[in-house]
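# Descriptive structure summary
Letter by letter, the chains look like this.
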Amino acid sequence: MSRIGSGELAEAGRLHALGVEHNNAGHPLRAVRLFRRALSLPELARPADEQARLVAARIWISLAMSESEVIGADCGLADLAEAERLVELTGNPGLRALLHLQYGYIQVRAGHFAAGLAHLDAAVELIEYAEPAHACNILINRGSLQLYRGQLGAARQDLIRSADLAAEHGLRVEEFKARHNLGYLEFLAGNLALALKIMDDVQAIDAQVSLAVALLDRARVLLEAGLHRESDDSLIEAAALFRADRLHKELAEVELARAECALLDGEIAAARRLAATARDRFRRRANDRWRRDAELVLLHADLAAGRPGGRLAGPALRLAAEFRAAGLDTQARTSQLIAAEALLRAGRTEQAREVAGEAGPVRPADPVSARLHTRLVRARLSIAAGDAGTARREARTGLAELARHQAQFGSIDLQTASAVHGRQLAELDLSMALADGKPAGVLAAIERGRATSSRLPRISAPSDPVVAELLAELRRTVEALRSIRSDAAAAEQAGAQRRRVADLQRRLRARAWQAAGVGSAPRPASLGQIEAELGRTETALACYFDVGGRLHAVLLAGGRSEIVPLGSSAAVSETVRRVRADLDVLAHRRLPAALLTSVCATLNRSLATLAGQLLDPLRLPEDRLVIVPTGMLAALPWTNLPPLRGRPVVVAPSATAWLAAATRAPGRGGGPVVALAGPDLTHAPDEVRAVGAVWPGARVLTGEQGGREALVSALSAATVVHVAAHGQHHAENPLFSLIRLVDGPLFAYELDHTSRAAEHVVLSACELGQATIRAGDEALGLTSVLLRLGSRSVISGVARVPDDVAAEVMTRYHAALAGGLDSAAALADACAGSGTPAPFVCFGATW
């Protein structure tokens, strides 16, 4: 019997350890090369004694894992067959546990769940003989399989046991994986904020692991939260890491997740292309588990693309049978529902209802996206069968589920983003109500699906030193970028600063996403409640909505209610765009006379056109007016439309939000008035002094007094706060819309973390009345944050405003307000007296 030389044994051990390190770090191809080198050593090629067999068996087992990733499951299983021959010769129970672990891992990755679970169960039976690292991985892999099969309780036990064992033995890689998977478990349980927190906290573990898998899993959580673009950014980053290591199977997983992002974003062609590419990759690797998932997403995309239902029903039903055979009930039900939709499209209604019935009931444990999809399909089937009552109940139940889902988040970012999952259901609900032709039903449908976040209880985030540090750096970086933006010689430096700004904003948002919500969303206001307040205040309400690209309005005025058709949404949107562009041009005070005349003329024509499109058909009485806009109408300077000049107008995110603000106990008196001037505005100091002069005891803050702390303090303690400063709305990242103050910018993000805002806030600044409109008419911007914090009324501009015009209008505004007019009436009077259009709007309610 030959003996392996101690030098070769040491070299084999060194190569094996290095290969394992590379594999754990997500570099299996490098690991394969090292394992093959070790096995090529003469005495390991034909191991003749027990020690050599032990070493060779371990290396074959490790090689199996790496080659299954790089080449495919069949190659990995062949490697394990050679390892098993050596293990049988040694009779070592610890090595046998390791062998079962790798068999289980590779079988599961290939989609053979029953075989994989049998091996993992056998490994657990031998876990007392396993090395600590192997024991941890046995539990991690069995826990991961249980996650995929929806057995969350059993998975939690295995993963916690693994994490604790890893921590006890200082195994950072294994602890990272176990705790990360516990975060994924919370995602599957529907606790998305907690999932994100756990996944972010795990990053503090100093472990040499590839971040690609963590990025992929985190992207899936973000997608379910409705942040599909942020999810796609994470996936692009993960794809680059997988591609560098030639991990084609993982790259296909990324493509599949990106297809789901594209579907949610309405990019159907991109979704089909990505899902088809992922399916083909999985097919080539004979990976049925993931091939099935890719085909399911592809069917979703084909259905959304309008492919004939007759061609899709059969493949969907075959896929449902495959999922069911694999014990994957959730995916099987989704496939059944797609088949039902396809049959309905093909005109086979009875068969569609039968297939949908076989999918079973809505399960509370399913992701919200799956539950809402089930409600949507059932509602459509009920409509086809002439059962409008059941269709309405499905839609209402689904939207109530969505509101509860939104309420789990403490972050307004996630509250507003997650509304995207209910977009189709809300559209169907509103279409059914419009078909019924009853104003009360239409308004109720609008309120169910609109601005749900405005009904949610808000939380005050605890002090977070990490957030404070990130905000401080963001302010410094934004100011540094502003100072070099116009310097052509500093283009490279400016690019680096922009990337740093984006990274800091991403990290701050991620920190906020971890906050959990409290309570639930109250029911929307009823028509009777709204009409009672309108009658008491002699106010009319116009609620705009879009169905199928056509604008309509529900008008409540003088005790009457009616639905008014208005025309093409696209035409109105184009006119709004022209108005905003003209207002921005007029904000430049040194225009040539001819250009000024031309712009004023086109602006007036566009405003008159909008009045004809949006107001004239309503035949409004001479009452005060509340406007509930939709989409692009939220950024419209309503006070500049000819029929509304000099008329008190309030713009609210929903009728329910207006009623809640309007009926809160009035807060006039009892608190100070603070007027604050920002830097680099010629007329701002005089403006705030003029404001202070009309309010006895007002505090006027100029120069170094007008910093961030002073403004935050004023917002939490004063009754009225007036800010004359530069403002900027960030459409892509609205929580980082800002007010520029003497010591740097104050971001909407910071205000969302405070406890309250003044009853009445006036933002005499450009753009800060703008908002980014997400699905469900969820508005996100600085003004919407202030309203969410409890401000009853916010005056802000929806376009750029010349400094001198703002000062003139605001001086008149505060004089009227102090004289006893409410905020809407005072603004109407102040703007009517301006020779230049002043695009200020009263948001929320009157004060």
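Structure: see above.
Quick look at the structure, then. Keep in mind that what you see is a predicted model, and the values were worked out from it rather than measured.

### Structural notes on the pattern of salt bridges
Following the criterion strictly, the structure yields 62 salt bridges and no others. For Asp-206, the salt bridge goes to Arg-172, with nearest N and O atoms at 3.5 Å. Of this pair, Asp-206 sits in the loop between α11 (192-202) and α12 (211-224) while Arg-172 sits in helix α10 (residues 172-188), and the two are 34 residues apart along the sequence. Take Arg-172: its relative accessible area is 48%, and that puts it in the partly exposed class. The partner of Arg-291 in a salt bridge is Asp-288, with the nearest N and O atoms 3.3 Å apart. Of this pair, Arg-291 and Asp-288 are both found in helix α16 (residues 288-304), 3 residues apart, which corresponds to roughly one turn of the helix. Judged by relative accessible area, Arg-291 falls into the buried class, the value being 12%. On the basis of relative accessible area, Asp-288 is assigned to the partly exposed category, the value being 31%.

### Looking at the side chain of Arg-281
Here Arg-281 shows up in helix α15 (residues 268-284). We classify Arg-281 as buried; its relative accessible area is 19%. Only 2.9 Å separates the side chain of Arg-281 from the side chain of Glu-255, close enough to count as a polar contact. Among residues more than four places away in sequence, those in contact with Arg-281 are His-248, Leu-251, Ala-252 and Glu-255.

### Things to note about the pairing of strand β10 (residues 738-741)
On β10, burial covers both faces: Leu-738 and Arg-740 on one face and Ile-739 and Leu-741 on the other are all buried. As defined by bridge partners, strand β9 (residues 726-728) adjoins β10 across 3 bridges and the pair is classed as antiparallel. Each bridged residue has a counterpart across the sheet, and for His-726 the counterpart in β10 is Arg-740. Pairing analysis gives 4 bridges linking β10 to strand β11 (residues 744-747), with the strands arranged antiparallel. Among the inter-strand pairings, Arg-740 is bridged to a residue of β11, identified as Pro-745. Counted along the chain from β10 to the antiparallel partner β11, the turn is 2 residues long.

### Looking at the sheet that holds β10
The strand order β9-β10-β11 describes an open sheet built from 3 strands, whose pairing is antiparallel. The open sheet has two edge strands, β9 and β11, and neither has a second partner. Neighbour-to-neighbour, the strand axes of this sheet turn through a mean angle of 30°, independent of strand direction. Packed on one face of the sheet, helix α25 (residues 465-484) meets β10 and β11 and runs near 125° to β11.

### Describing the packing of aromatic side chains
A complete count under the given rule lists 6 aromatic pairs for this structure. Residues Tyr-184 and Phe-187 carry aromatic rings whose centres are separated by 5.1 Å and whose planes lie at 65° to one another, so their mutual orientation is edge-to-face. One end of the pair, Tyr-184, and the other, Phe-187, are both in helix α10, 3 residues apart, so they sit about a helical turn from each other. Under the relative-accessibility criterion, Phe-187 is labelled buried at 13%. Here Phe-736 and Tyr-749 contribute two aromatic rings whose centre-to-centre distance is 5.4 Å and whose plane-to-plane angle is 10°, an arrangement assigned as stacked. Here the residue Phe-736 occupies a position in the loop between β9 and β10, and Tyr-749 occupies one in helix α33 (residues 748-751), the gap between them amounting to 13 residues. Neither Phe-736 nor Tyr-749 differs from the other in exposure class; each is buried. Grouped by ring-pair contacts, the aromatic residues Phe-736, Phe-747 and Tyr-749 constitute a single cluster.

### A look at the nonpolar core
Ranked by size, the top nonpolar core spans 71 residues in total, and within it Ile-59, Trp-60, Ile-61, Leu-80, Leu-99, Phe-113 and Ile-138 carry the most contacts. Looking at this core, the element that brings in the most residues is helix α4 (residues 50-70), giving 10 residues. Not counting the four nearest positions on each side in its chain, Ile-61 is found in contact with Leu-80, Ala-83, Leu-95, Leu-98, Leu-99 and Gln-102. Ranked by size, the runner-up nonpolar core spans 55 residues in total, among them Ala-652, Ile-795, Leu-827 and Ala-830.

### Here we look at the pairing of strand β15 (residues 793-797)
Counting buried residues in β15 gives 5 out of 5 residues, a clear majority hidden from the surface. Burial of the side chains of β15 extends over both faces: Ser-793, Ile-795 and Gly-797 are buried on one face and Val-794 and Ser-796 on the other. Here strand β12 (residues 760-764) runs beside β15; their pairing, made up of 4 bridges, is parallel. Each residue of the ladder has a partner; that of Val-762, found in β15, is Ile-795.

### Structural notes on unusual backbone geometry
With phi around 50°, Ala-451 is a residue other than glycine that occupies positive phi space. Along the chain, Ala-451 turns up in the loop between α24 (439-449) and α25. A relative accessible area of 3% means that Ala-451 is categorised as buried. With phi around 50°, Glu-538 is a residue other than glycine that occupies positive phi space.

### Topic: helix α14 (residues 248-264)
Here α14 spans 25 Å end to end across 17 residues, near enough to the 24 Å set by a 1.5 Å rise per residue. Counting buried positions over the 17 residues of α14 gives 13, a clear majority of the element. A positive backbone phi angle near 80° is found at Gly-266, which sits one or two residues after α14.

Cut-offs and rules
- Residues numbered from 1 in each chain as written.
- Predicted model: local features only at pLDDT ≥ 70, side-chain atom pairs only at ≥ 80, totals over all residues.
- Heavy atoms only, no water.
- Salt bridge = Lys/Arg side-chain N within 4 Å of Asp/Glu carboxyl O.
- Helix = DSSP H or I, 4+ residues; strand = E, 2+ residues; numbered from the N terminus.
- Buried < 20%, exposed > 50% of the residue type's maximum accessible area, 1.4 Å probe, protein only.
- Polar contact = N/O pair within 3.5 Å; in protein donor to acceptor, adjacent residues only side chain to side chain.
- Contact = heavy atoms within 4.5 Å.
- Pairing = 2+ DSSP bridges.
- Axes fitted to C-alpha atoms, helices over the stretch in contact; angles between N-to-C directions.
- Phe/Tyr/Trp six-rings, centres within 6.5 Å; stacked < 30°, edge-to-face > 60°.
- Core = buried A, V, L, I, M, F, W, Y, C linked by side-chain atoms within 4.5 Å.
- Expected span 1.5 Å × (residues − 1).

Geometric values such as these leave the question of function open.
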